[in-house]
Amino acid sequence: MAGTDPAYFRYAVIVAILMFALVYVHIKTKPGRAWAAIRQSEPAALAAGINTTLYKLWALALASFITGVAGGVLAGAVHYLYSIGFPTQDSITLLAVTLMGGAYSMWGAVVAALLYQFLPALLNNWGVSADWLIILFGVGVLQVLTTAPAGLADQVPRDLKRLAKLLRSPRRTRRTT
């Protein structure tokens with residue numbers, strides 16, 4: 001289906017867009033509201049009559065389906081999948097960038113993907129050792145967990161709005177008597 005690299009890239013982008021659309025539809029409908037209620041307070045969701053077991057299993061099934069599709073797309077690129085090709089350090093790095101990007105929003109996944117792909121390339125272009133990447137991700141996770149639990153996808157727009165508001169407001173001068 002996708003014999004060349006550009007064709008495979010287009011194929012992968014189309015599949016990614018379809019998966020994002022699938023998740024978006026789920027988030028904007030009844031399951032998404034149920035998941036939000038369960039995330040806020042499981043006892044309150046139970047009291048509201050939400051079948052938490054059903055919706056947790058639904059979330060697991062959706063995540064498993066998307067993971068399977070992603071694995072199929074990856075297998076199309078590398079032609080074989082072995083567990084040795086996925087070291088533990090990569091899993092820890094993925095967790096770190098997911099927390100930094102924002103685990104509760106779809107834009108957080110986009111930010112995490114950008115961090116995961118472009119930050120190592122940027123450090124490589126600057127001639128910085130790859131060991132510094134682990135340190136940067138560690139510091140980034142600590143920063144996000146302490147100042148922005150919703151991740152950079154939530155924090156950066158909020159900080160930019162505050163900065164724009166601050167820049168637009170007239171400066172107040174102090175009167176000295």
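Residues numbered from 1 in each chain as written. Predicted model: local features only at pLDDT ≥ 70, side-chain atom pairs only at ≥ 80, totals over all residues. Heavy atoms only, no water.

Asker: How should the overall build of the protein be read in this particular structure?
Answerer: Helix and strand content of the protein: eight helices and zero strands. Helices and strands in the protein line up, N terminus first, as α-α-α-α-α-α-α-α. Against the 2.2 N^0.38 benchmark of 16 Å for 177 residues, the protein shows a C-alpha radius of gyration of 21 Å, more extended than a compact globule. Relative to its 177 residues, the protein shows a buried fraction of 20%. Across the protein, every contact between residues at least 6 apart in sequence was considered, and the portion connecting residues at least 24 apart equals 54%. With an accessible surface of roughly 13,400 Å², the protein has 67% of that area assigned to carbon and sulfur atoms. For the protein, the separation between the mean place of its 15 positive charges and that of its 6 negative charges on side chains is 21 Å. (Helix = DSSP H or I, 4+ residues; strand = E, 2+ residues; numbered from the N terminus. Rg over C-alpha atoms; globule rule 2.2 N^0.38 Å. Buried < 20%, exposed > 50% of the residue type's maximum accessible area, 1.4 Å probe, protein only. Contact = heavy atoms within 4.5 Å. Areas by Shrake-Rupley, 256 points an atom, 1.4 Å probe, with all protein chains shown as cover. Lys, Arg positive; Asp, Glu negative; His and termini not counted. Charge placed at Lys NZ, Arg CZ, Asp CG, Glu CD.)

Asker: What is the right way to look at the nonpolar core in this model?
Answerer: A general feature of soluble globular proteins is that nonpolar side chains tend to end up buried together. In terms of nonpolar packing, the biggest core is built from ten residues, these being Ala96, Val97, Met100, Ala112, Leu115, Leu123, Leu133, Phe137, Val141 and Val144. Within the residue set of this core, elements represented by two or more residues are helix H5 (88-101), helix H6 (106-125) and helix H7 (131-147). At four residues, H7 tops the list of elements feeding residues into this core. (Core = buried A, V, L, I, M, F, W, Y, C linked by side-chain atoms within 4.5 Å.)

Asker: Help me understand the confidence of the model for the protein in this model?
Answerer: The predicted coordinates of low-pLDDT regions are not to be read in fine detail. Chain-level statistics for the protein give a pLDDT mean of 88 and a share of 94% at 70 or above. Model confidence for the protein, summarised as mean pLDDT per element, is weakest for H7 at 88 and strongest for helix H3 (residues 42-47) at 95. (pLDDT = per-residue confidence, 0-100.)

Asker: How do you make sense of the packing of aromatic side chains when you look at a structure like this?
Answerer: Each aromatic ring pair is summarised here by two numbers: the centre-to-centre distance and the angle between the ring planes. One pass over the structure, following the stated rule, counts three aromatic pairs. Centroid distance Tyr55 to Trp58: 5.6 Å. Interplanar angle 10°. Geometry classified as stacked. In this pair, Tyr55 and Trp58 are both assigned in helix H4 (residues 52-78), three residues apart and thus about one turn of the helix distant. Using a relative accessible area of 33% as the deciding quantity, one classes Trp58 as partly exposed. Ring centres 5.3 Å apart and planes at 40° place the aromatic pair Tyr80 and Tyr82 in the tilted group. Just as Tyr80 is exposed, Tyr82 falls in that class too. (Phe/Tyr/Trp six-rings, centres within 6.5 Å; stacked < 30°, edge-to-face > 60°.)

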